[in-house]
Amino acid sequence: EQARFITRGQIFTVDPETGTRHVGNYPLEIHDENSALIHWTPHHVGYQNARRHRDLGKQMQIAVALGGDPLCDVMATLPLPPDSDPCLFGGFLRGKNIELVNGRSIELQVPANAEIVLEGYLDATEEPRESHPFGSRTGFYSTPQPRPVLHVTALTHRANPVFPATIF
């Protein structure tokens, strides 16, 4: 069975101890109509934020922005220090703030000009689910392994949204 993936999402998380926002680009494997598996690994800041939430027994809110300002896509892939906010750096590069709006079902902010936004959470008590392999743009494959489950609580989009994707 072939898995379906969202490959160009800007994944927004927050460190539960410092409140620092993080934006990363991690593949999302569609699990069913209301959930996806997040393909991140221990060296990713998003993974570390999830581990801290789990250790504290807290549900972790997540937003996934698709499309919109190309600078937001760049922010999600920059190798910034883990304690820096990519939106602040993006604003610095642009010379003005990245316009953010509040999520509808979560307390995170997302880019105002995103084409599509998924909102949801990771349950700190839920066991990860086995994933499919994923072939990345670098030519390497991740092996099937347990991945955390993103439960989607809201989906918003522009009229006639453009769905960004990387095709491998």
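Before reading further, recall that the structure is shown in the block above.
Presented here is a report on the structure given in the accompanying data block. The structure presented is a predicted model; accordingly, all values stated were derived computationally and were not measured.

Some points on the overall build of the protein
Part 1: From N to C terminus, the protein includes three helices and 14 strands.
Part 2: On C-alpha atoms alone, the protein measures out to a radius of gyration of 15 Å, which is about the 15 Å that the 2.2 N^0.38 rule sets for 168 residues.
Part 3: The burial tally for the protein puts 43% of its 168 residues in the buried class.
Part 4: Contacts spanning at least 24 positions in sequence make up 66% of the contacts within the protein whose residues lie at least 6 apart.

Some points on the sheet that holds strand S3 (residues 21–24)
Part 1: Strand order in the open sheet formed by eight strands is S1-S4-S5-S14-S9-S6-S2-S3, with antiparallel pairing between adjacent strands. Edge strands, defined here as strands with exactly one partner in the open sheet, are strand S1 (5–6) and S3.
Part 2: Across three bridges, the pairing between strand S5 (residues 35–38) and strand S14 (residues 149–157) is antiparallel. When the sheet's bridge partners are listed, Ser-35 is paired in S14 with His-151.
Part 3: The strands that helix H3 (residues 86–94) touches are strand S2 (10–14) and S3; relative to S3, the one it contacts most, it runs at about 75 degrees.

Let's talk about the environment of Gly-46
Part 1: Here Gly-46 lies in helix H1 (residues 45–56).
Part 2: The buried category is assigned to Gly-46, whose relative accessible area is 0%.
Part 3: For the pair Gly-46 and Thr-156, spaced 110 residues apart in sequence, the C-alpha separation works out to 22 Å.
Part 4: When residues no more than four places from it in sequence are discounted, the contact partners of Gly-46 are Thr-13, His-22, Tyr-26, Trp-40 and Met-60.

Examining H1
Part 1: With twelve residues, H1 should cover 16 Å at 1.5 Å per step; its first-to-last C-alpha distance of 17 Å lies within 8% of that length.
Part 2: In the core, the buried residues of H1 are packed alongside S2, S3, strand S6 (60–66) and strand S9 (116–122).

Things to note about the side chain of Asn-49
Part 1: Looking at the element boundaries, Asn-49 is found in helix H1.
Part 2: For Asn-49, a relative accessible area of 1% gives the class buried.
Part 3: Separated by 3.0 Å, the side chains of Asn-49 and Thr-13 make a polar contact.
Part 4: Residues in contact with Asn-49, not counting those within four places in the same chain, are Thr-13, Val-14, Asp-15, Pro-16, His-22 and Met-60.

Section: a nonpolar patch on the surface
Part 1: A contiguous nonpolar surface patch, about 320 Å² in accessible area, is contributed by Phe-89, Phe-92 and Leu-93.
Part 2: With respect to the helices and strands, Leu-93 occurs in helix H3.
Part 3: Residue Leu-93 is classed as partly exposed on the basis of its relative accessible area of 47%.

Side note on the layout of surface pockets
Part 1: Taken as a whole, the second largest pocket holds about 350 Å³ of empty space.
Part 2: Taken together, 19 residues form the lining of the second largest pocket, with Trp-40, Tyr-47, Arg-54, Pro-128 and Pro-148 sitting closest to its centre.
Part 3: Only H1 and strand S13 (146–147) provide two or more residues apiece to the lining of the second largest pocket.
Part 4: Per-element tally for the lining of the second largest pocket: the top contributor is H1, with four residues.
Part 5: Of the residues in the lining of the second largest pocket, the class split is eleven nonpolar, three polar and five charged.

Calculation rules
- Residues numbered from 1 in each chain as written.
- Predicted model: local features only at pLDDT ≥ 70, side-chain atom pairs only at ≥ 80, totals over all residues.
- Heavy atoms only, no water.
- Helix = DSSP H or I, 4+ residues; strand = E, 2+ residues; numbered from the N terminus.
- Rg over C-alpha atoms; globule rule 2.2 N^0.38 Å.
- Buried < 20%, exposed > 50% of the residue type's maximum accessible area, 1.4 Å probe, protein only.
- Contact = heavy atoms within 4.5 Å.
- Pairing = 2+ DSSP bridges.
- Axes fitted to C-alpha atoms, helices over the stretch in contact; angles between N-to-C directions.
- Expected span 1.5 Å × (residues − 1).
- Polar contact = N/O pair within 3.5 Å; in protein donor to acceptor, adjacent residues only side chain to side chain.
- Patch = residues over 30% accessible without salt bridge, like charges linked within 9 Å, V, L, I, M, F, W, Y side chains within 5 Å.
- Areas by Shrake-Rupley, 256 points an atom, 1.4 Å probe, with all protein chains shown as cover.
- Salt bridge = Lys/Arg side-chain N within 4 Å of Asp/Glu carboxyl O.
- 1 Å grid on protein atoms, 1.4 Å probe; cavity = no way out; pocket = protein on both sides within 12 Å on 5 of 7 lines; lining within 4 Å.
- Points joined across faces, edges and corners; volume = space filled by probe spheres on them.
- Nonpolar A, V, L, I, M, F, W, Y, C, P; charged D, E, K, R; others polar.

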